[in-house]
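Survey of secondary and tertiary structure
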2 protein chains.
Amino acid sequence: VTEPEPSAARPAAPVRVGLLGCGNVGAALVGLVETRREAIAARSGVDLEITRVAVRSLTRDRGVKLADGVLTTDAAAVVADPEVDVVVEVIGGIEPARELILDAIAAGKPVITANKELLANHGAELAAAADEKGVDLLFEAAVAGGIPIIRPLRESLAGEDVTRVMGIVNGTTNFILTRMTEEGTTYAEALAEAQSLGYAERDPTADVEGYDAGAKAAIIASLAFGTRVVAGDVYHEGISSITAADIASAASLDHVIKLLAVCERLEGPDGAEVAVRVHPAMVPVQHPLAGVRESFNAVFVEGTAVGDLMFYGRGAGGDPTGSAVLGDLVDAAVNLHKGAHATIGMGGRAQIRPIDDQQSPFYLSIDVVDRPGVLRSIAEVFERHGVSIRSLEQEGIGDAARIVMITHRAREADLQATVTDLRDLPTVHRVGSIIRVVGAEG
Amino acid sequence: VTEPEPSAARPAAPVRVGLLGCGNVGAALVGLVETRREAIAARSGVDLEITRVAVRSLTRDRGVKLADGVLTTDAAAVVADPEVDVVVEVIGGIEPARELILDAIAAGKPVITANKELLANHGAELAAAADEKGVDLLFEAAVAGGIPIIRPLRESLAGEDVTRVMGIVNGTTNFILTRMTEEGTTYAEALAEAQSLGYAERDPTADVEGYDAGAKAAIIASLAFGTRVVAGDVYHEGISSITAADIASAASLDHVIKLLAVCERLEGPDGAEVAVRVHPAMVPVQHPLAGVRESFNAVFVEGTAVGDLMFYGRGAGGDPTGSAVLGDLVDAAVNLHKGAHATIGMGGRAQIRPIDDQQSPFYLSIDVVDRPGVLRSIAEVFERHGVSIRSLEQEGIGDAARIVMITHRAREADLQATVTDLRDLPTVHRVGSIIRVVGAEG
């Protein structure tokens, strides 16, 4: 071979990065580009350089070293700067992120974004713009932080018939549920600990009520099934009503409670439908998702040929998320040198199955009067709505009793109708938690 | 936008696949291409067609439908056929696979291979040929079957400083160890069960002695550290000497025994070194690798920024492995349309740290005479070789006693010298199993 190794003979020109936002993730990225620059150049043949950084305040200390003139408050100028080859967006939120990304794409610049909210609401618009212009739009960091899940779904599983994806994609709620499970603390105590450790915001709504996981579920479903799902399509329930008693009940049934994002591809009367929901679920202790503890994330993928897969790691934090952005950045830079780009191939709008028509096995606890005939009247209600009981245990508490049961797979609407009628029974004091169950799909 | 969608307006010409080998994986691939062809075309814009299939026997029933004239015994003719755009090699072994792949690359045809043995021995030669010619050489299926691990290591973690990878990459041995752990069976019983279920070969040497895992370790280390490691660099010990007593000891210490492929990047006196070994290891029950049961595989990756990652799934079997080949095939076909290709970027030859200089904590069991002063004489031997004891338990068995201990991180050579001297002590009946420990790196 007489041809010289191209990267050795003639070092490629630096790929100049314009960074929009320099918070937790942005600052981590600046540090990583600095420490990894030589290793990346040696390995991938691209020399990364952070040329411009747009921030809201020029005076805040971000703990990163940047040359004079790099920082600016004018994000649009960074996007338009001819000295910027690639744009990284870590501002978050819908606007101005959406407009800035569209401007970058229009200028022919690849974009890397970690913005789940934007992708879950306007992903199709951005993907169409990127495909049309022939530039990369990469977003590994938007779902499950440092875990490579977007690229496997887009590329490795491109030929696979994915039927279901279940993810623990919110570290805050997984931390809270782990504490409740392992230490026996209440929800309020575990939330307070998460807040004191910086895992939960002062207003934890976005995490604990499932909004954050819902946005990620929309992105996962879109990629897994090649069809467009938006945040508004996702039914969600949070963990704020999970009690220590629920956790103990789950344990007695050899299950743990996890907040899951569940994406299913189903056959409907008019073709393929997609069901997407976020809710607490009982997971058998032997299921790989049950072992995902603390603030870790994991995405469990079920495919017809490939079987079960799981991707596990840190779902948040500056460094893990920065690492995911950096992987995308290297990819985009290599593509830029080659004149290539990845295709997203987002399909048409998904047919969403309404939550009422989705199916799952359910766990219920029912407090009743301890009197003969009570169980028969309860069984009659289940029968009336076509909900079949899989297993049942009854325990006395003074002159009352608690019935704990798991149903076979049932329609949500039928289960809700059952619960409404149970509440009307004079012998029923209270229907407690209703929790969907994974792995009992009989 | 006036430009028409290219794939919609003008369906791309089929990408014609030449398949070398039609055993388990090849037959699965033929089936998958048939059932998934339309879905792949709709999503990725490539139409895959299996044009030629080279086999050893034309008469054997493979359970697949192939048009007349597709089957041939002439593999070289398939590679050379101008009607073949992409070559898939699932023959296995070094020759003629190596020559066929080099011929395909020389002809400018992308190659997908599942051949771990070939890659672990001649990967650098193949990668250099592919990079020079500018064609894809993809091999997701060569390590851990259906689990996407090659693409994440090559692309997602391209910027990451990976420090260690530990993998359960052999399903046969994981099945055997799971049975021994969960059912209390002996190694021989579990092996017989694995053989009767078709998980183990009649001659199980390649699996149970760690050769198979060693080849995969070489490939993983090469990609994780960007430096060339070959099968011969990998130290390996198998599981055939693991006893039910070892499994019970591990359980009493809240550990499970797994056959691990361990790849570490270390600093040596002359720069970076790579340590690669395959051996049974005690893994703490709370470690994510401990929950990987039955014939499942998993690869655990530790990086400076990204933290801990794990990739879990089916490591073998026609369908899972075929799914991985199909993912690569779609990728190669899309690249072919774009005139692009992936770069492997294999670095120079790795500096391998010899096994004697590698370090680990160790578990040992020592049968001794139950007499005062015995422990002191044993402690003296450890001290002489600089091996520090982390924890120790002693239990009497009649007039003998068993000492079970875990050391701090120690050099292999020092540990071996310690064991040699222990065996010379008159008070030591027997030094039993010596098992490396994960997660006690104090």
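Please read these numbers as outputs of a predicted model, since none were measured by experiment.

Scanning chain A from N- to C-terminus turns up 14 helices and 18 strands. Its C-alpha atoms put chain A at 90 × 50 × 40 Å along the principal axes. The buried share among the 442 residues of chain A stands at 58%. Accessible surface computed for chain A: about 17,400 Å², of which carbon and sulfur atoms make up 48%. With 39 positive and 62 negative side-chain charges, chain A shows a spacing of 1 Å between the two charge centroids.

Counting buried positions along strand E12 (residues 307-314) of chain B gives 6 out of 8 residues, so the element sits mostly inside the fold. By the bridge criterion, 3 bridges tie strand E12 (residues 307-314) of chain A to E12(B) in an arrangement that is antiparallel. Note on E12(B): the bridge partner recorded for A:Met310 is B:Tyr312. Sheet topology note: the strand E11 (residues 296-303) of chain B/E12(B) ladder contains 8 bridges and is antiparallel. Within the sheet, the bridge partner assigned to B:Asn297 lies in E12(B) and is B:Gly313. Linking two consecutive strands that pair antiparallel, namely E11(B) and E12(B), is a turn of 3 residues.

Residues and elements named next belong to chain B. Across the sheet, which stays open at both edges, the 6 strands sit in the order E3-E2-E1-E4-E5-E6 with parallel pairing between neighbours. The strands lining the two open edges of the sheet, one partner per strand, are strand E3 (71-72) and strand E6 (137-138). The pairing of strand E1 (residues 15-20) with strand E2 (residues 48-54) spans 6 bridges and is classified as parallel. Considered in E2, the bridge of Leu-20 is made with Ala-54. Sitting on the sheet, helix H4 (residues 97-106) touches E1, strand E4 (86-89), strand E5 (111-113) and E6, and the angle it makes with E5 is about 155 degrees.

For any pair of aromatic rings, the description consists of the separation of the ring centres together with the inter-plane angle of the planes. Tallying each qualifying case throughout the model produces 5 aromatic pairs over all chains. For the pair A:Phe175 and A:Tyr199, a centre-to-centre distance of 4.9 Å together with 75 degrees between the ring planes defines the contact as edge-to-face. With a gap of 24 residues between them, A:Phe175 in helix H7 (residues 171-183) and A:Tyr199 in the loop between helix H8 (187-196) and helix H9 (205-208) connect regions that are remote in the sequence. Note on A:Phe175: relative accessible area 1%, which makes it buried. Here B:Phe296 and B:Tyr312 contribute two aromatic rings whose centre-to-centre distance is 4.9 Å and whose plane-to-plane angle is 10 degrees, an arrangement assigned as stacked. Of this pair, B:Phe296 sits in strand E11 while B:Tyr312 sits in strand E12, placing them 16 residues apart in sequence. B:Phe296 sits in the buried class, given a relative accessible area of 10%. Stacked on the ring of A:Phe296, the Lys or Arg A:Arg314 has its end atom at 4.0 Å from the ring centre.

Our focus in this paragraph is the side chain of A:Ser323. Its location among the elements puts A:Ser323 in helix H12 (residues 318-338). The exposure class of A:Ser323 is buried, given its relative accessible area of 2%.

Contact with chain B, which involves 51 residues of that partner, is made by 51 residues of chain A. Taking both sides of the interface into account, the surface hidden between chain B and chain A amounts to around 4,100 Å²; carbon and sulfur atoms contribute 52%. Contact with chain A buries area across many residues of chain B, yet B:Arg43, B:Ser156 and B:Tyr312 alone supply 16% of it, more than any other trio. For the pair chain B and chain A, the interface holds 18 residue pairs in polar contact (both at pLDDT 80 or more). Going through the elements one at a time, helix H2 (24-44), helix H6 (150-156), helix H10 (211-225), E11, E12 and helix H12 (318-338) of chain B are the ones with two or more residues in the side of chain B that touches chain A. A total of 8 residues in the side of chain B that touches chain A trace back to one element, the largest contributor, which is H12(B). The residue makeup of the side of chain B that touches chain A, split by class, is 25 nonpolar, 12 polar and 14 charged.

Another point: the sheet that holds strand E4 (residues 86-89) of chain A. The sheet built from 6 strands is open, its strands ordered E3-E2-E1-E4-E5-E6 (chain A) with parallel pairing. Of all strands in the sheet, those bounded by a partner on one side alone are strand E3 (71-72) and strand E6 (137-138) of chain A.

Both copies of the chain are placed relative to one another by a rotation about an axis and a shift along it. With an RMSD of 0.1 Å, the fit of chain B onto chain A corresponds to turning through 180 degrees and sliding 0.0 Å along the axis. Such a combination of rotation and displacement between the chain copies is what one expects of a two-fold axis. Within chain B, B:Phe311 has its C-alpha nearest the rotation axis, a separation of 2.4 Å. The fraction of interface residues of chain B whose copies in chain A are also interface residues reaches 100%, indicating that both copies meet through the same surface.

Residues and elements named next belong to chain A. Interaxial distance between helix H5 (residues 116-133) and helix H10 (residues 211-225) falls to 9 Å at its minimum, and their mutual angle equals 50 degrees. On the basis of their axis angle, the class for H5 and H10 is oblique. In terms of crossing hand, the pair formed by H5 and H10 is left-handed. Packed against H5, whose contacting residues are Lys-116, Leu-119 and Ala-120, the element H10 presents Asp-212, Ala-215, Lys-216, Ala-218 and Ile-219 at the interface.

Let us look at the environment of B:Ala218. Residue and element names in this part refer to chain B. Residue placement: Ala-218 occurs in helix H10. Considering only alpha carbons, one finds Ala-218 and Asp-85, 133 residues apart in sequence, at a separation of 30 Å. Excluding its chain neighbours within four sequence positions, the residues that come into contact with Ala-218 are Ala-120, Val-229, Val-230, Ala-231 and Val-234.

An α-helical segment advances 3.6 residues per turn. Residues three or four places apart therefore align on the same side. Residues and elements named next belong to chain A. With 13 residues, helix H14 (residues 412-424) ought to run about 18 Å at 1.5 Å a step, and its terminal C-alpha atoms sit 19 Å apart, in line with that. Of all the residues in H14, the buried ones are Glu-412, Leu-415, Thr-418, Val-419 and Leu-422. Looking down the long axis of H14, one finds its buried residues gathered within 120 degrees of arc, a one-sided arrangement. If you follow the buried residues of H14, they end up packed against strand E14 (362-369), helix H13 (374-384), strand E16 (400-407), strand E17 (410-411) and strand E18 (428-437).

Once that is clear, we can look at the confidence of the model for chain A. Residues and elements named next belong to chain A. For chain A, per-residue confidence averages 92 on the pLDDT scale, and 96% of positions sit at 70 or higher. Within the model, the stretch residues 1-10 combines pLDDT values under 50 with 2 contacts to residues more than four positions away or in other chains. On the interface metric, ipTM, the complex scores 0.92, and its pTM is 0.93.

Rules used in this analysis
Residues numbered from 1 in each chain as written. Chains lettered and ligands numbered in written order. Predicted model: local features only at pLDDT ≥ 70, side-chain atom pairs only at ≥ 80, totals over all residues. Heavy atoms only, no water. Helix = DSSP H or I, 4+ residues; strand = E, 2+ residues; numbered from the N terminus. Buried < 20%, exposed > 50% of the residue type's maximum accessible area, 1.4 Å probe, protein only. Areas by Shrake-Rupley, 256 points an atom, 1.4 Å probe, with all protein chains shown as cover. Lys, Arg positive; Asp, Glu negative; His and termini not counted. Charge placed at Lys NZ, Arg CZ, Asp CG, Glu CD. Pairing = 2+ DSSP bridges. Contact = heavy atoms within 4.5 Å. Axes fitted to C-alpha atoms, helices over the stretch in contact; angles between N-to-C directions. Phe/Tyr/Trp six-rings, centres within 6.5 Å; stacked < 30°, edge-to-face > 60°. Lys NZ or Arg CZ within 6 Å of the ring centre and 35° of its normal. Buried area = accessible area lost by both parts, 1.4 Å probe. Polar contact = N/O pair within 3.5 Å; in protein donor to acceptor, adjacent residues only side chain to side chain. Nonpolar A, V, L, I, M, F, W, Y, C, P; charged D, E, K, R; others polar. Least-squares fit on C-alpha atoms with pLDDT ≥ 70 in both. Parallel < 35°, antiparallel > 145°, perpendicular 65-115°, else oblique. Left-handed = near helix turned anticlockwise from the far one by under 90°. Expected span 1.5 Å × (residues − 1). Arc of directions from axis to C-beta. pLDDT = per-residue confidence, 0-100.

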